[in-house]
Structures are given as C-alpha cells and as structure tokens.
Amino acid sequence: MTAFLRLPQVPDVLRTRQLIVEDQAGRDRVVIGAPIRDNFQRMSPATGMAIRDSLGRERFGVALDGRGNMGLGLDAAICTSNPCNPERINLVADAEGGSHIRLLDRQTGVVARLYLADDDRAYLEFLKVTRDSIRGRRLGIRGDSLLLQARR
C-alpha cells in the first residue's frame, strides 16, 4: 500500500481591510488597516499601522492620510496635556514634497523642528510658545534668525 500525502494549500494572497493582532489577554496591540478603523480621533482617514501598549494607548503609528501626507508618530506612555495629546515625535513626508521632524513638549507644544522649507533648504528651528507670544530661533545654511510673534 502506498500512502499519498497531500500538503495543505497555502494561499498566495490574503486580502483584508483590517488586521488586528491581539496579545495573550485579548487586547488589541497591532492594528493594520486601509483605512485604520479604531476609536482614536484621526485628522483624516488613514491607511497604515498602529502599535498599542498593554493599556490600549497608541505608542507608534505610521500612516498615509487622505491628503497624501506620509507620517510616523511616536507617543509618550502617559498623556500630560489637556486636552490630551501624547504625541512627542513626528516624522512627515508631505504631499507637496516637503518634510519635517518635530519634537513636542509635555504640553504638546512644538519645541523644535527640522524641516525642508519651500526654498528647498533645511532649517533647524527652536520654539518657545507661551499664552502671549511665540519666540524662536531658526538656523540655516545662510545664517540664523530670531522670531518674536504676539499671540492673539
């Protein structure tokens, strides 16, 4: 007698609109979607991936939004601002060919950014935003400049 073994069929393509990876306790830890469907307030529908911590808070996200911007965000473990925004680092390649990296403080104000400006030059900018003013310093290949702007 001869036994014929048949290997199980493995599909070449798996199609879905969303994939959720759960941890051993059944909590959503990785969400991949087109668009990402979750309970977070996103600025626009986005196709991408989010990684969450064990408490369900998003800590990493990468997405292509509806406006054509490709972004990556790293979030703090706890939210220290009101209203709550745990973002701390963003890396963006925008729809118009520009790009930036920005750092946010614990109150989610932008304190520094490295960006490609409309003149196709890179600049490093440091900012101090208060209730009354925005102060900053911009460094570039052509020198540096100061910014002082009253807030309304």
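Before reading further, recall that the structure is shown in the block above.
Residues numbered from 1 in each chain as written. Predicted model: local features only at pLDDT ≥ 70, side-chain atom pairs only at ≥ 80, totals over all residues. Heavy atoms only, no water.

Student: I'm lost on a negative patch on the surface in this one. Help?
Tutor: On the surface, a cluster of negative charge is made up of E96, D118, D119 and D120. When you line up the elements, D118 lands in the loop between β8 (110-116) and β9 (122-129). (Patch = residues over 30% accessible without salt bridge, like charges linked within 9 Å, V, L, I, M, F, W, Y side chains within 5 Å. Areas by Shrake-Rupley, 256 points an atom, 1.4 Å probe, with all protein chains shown as cover. Salt bridge = Lys/Arg side-chain N within 4 Å of Asp/Glu carboxyl O. Lys, Arg positive; Asp, Glu negative; His and termini not counted. Charge placed at Lys NZ, Arg CZ, Asp CG, Glu CD. Helix = DSSP H or I, 4+ residues; strand = E, 2+ residues; numbered from the N terminus.)

Student: Which parts of the structure should I look at to understand the environment of L19?
Tutor: Within the secondary structure, L19 is located in strand β1 (residues 18-22). Classification of L19 as partly exposed rests on a relative accessible area of 42%. With 133 residues separating them along the chain, L19 and R152 place their C-alpha atoms 45 Å apart. Filtering out sequence-adjacent residues up to four positions away, L19 remains in contact with V30, V31 and I32. (Buried < 20%, exposed > 50% of the residue type's maximum accessible area, 1.4 Å probe, protein only. Contact = heavy atoms within 4.5 Å.)

Student: Help me out: how do you make sense of the sheet that holds strand β7 (residues 99-104) in this one?
Tutor: Adjacent strands of a sheet form backbone hydrogen bonds with each other and so pair up, either parallel or antiparallel. Read from one edge to the other, the open sheet built from 11 strands follows the order β1-β2-β3-β4-β5-β6-β7-β8-β9-β10-β11, with strand pairing classed as antiparallel. This sheet does not close on itself; its edge strands, each paired only once, are β1 and β11 (143-150). Sheet twist, expressed as the average angle between the axes of neighbouring strands with direction ignored, equals 10 degrees. Where β7 and β8 come together, 6 bridges link them in antiparallel fashion. Counted as the bridge partner of L104 is V110 from β8. (Pairing = 2+ DSSP bridges. Axes fitted to C-alpha atoms, helices over the stretch in contact; angles between N-to-C directions.)

Student: Explain the state of the cysteines to me, please; I cannot follow it from the model alone.
Tutor: Here is the idea: a disulfide is a covalent bond, and it sits between the sulfur atoms of two cysteines. By the definition in use, this model includes 1 disulfide. Each disulfide pairs two cysteine sulfurs, and for C79 the partner residue is C84, the sulfurs being separated by 2.1 Å. Classification of C79 by relative accessible area gives partly exposed; the value is 30%. For C84, a relative accessible area of 54% puts it in the exposed group. (Disulfide = S-S within 2.5 Å.)

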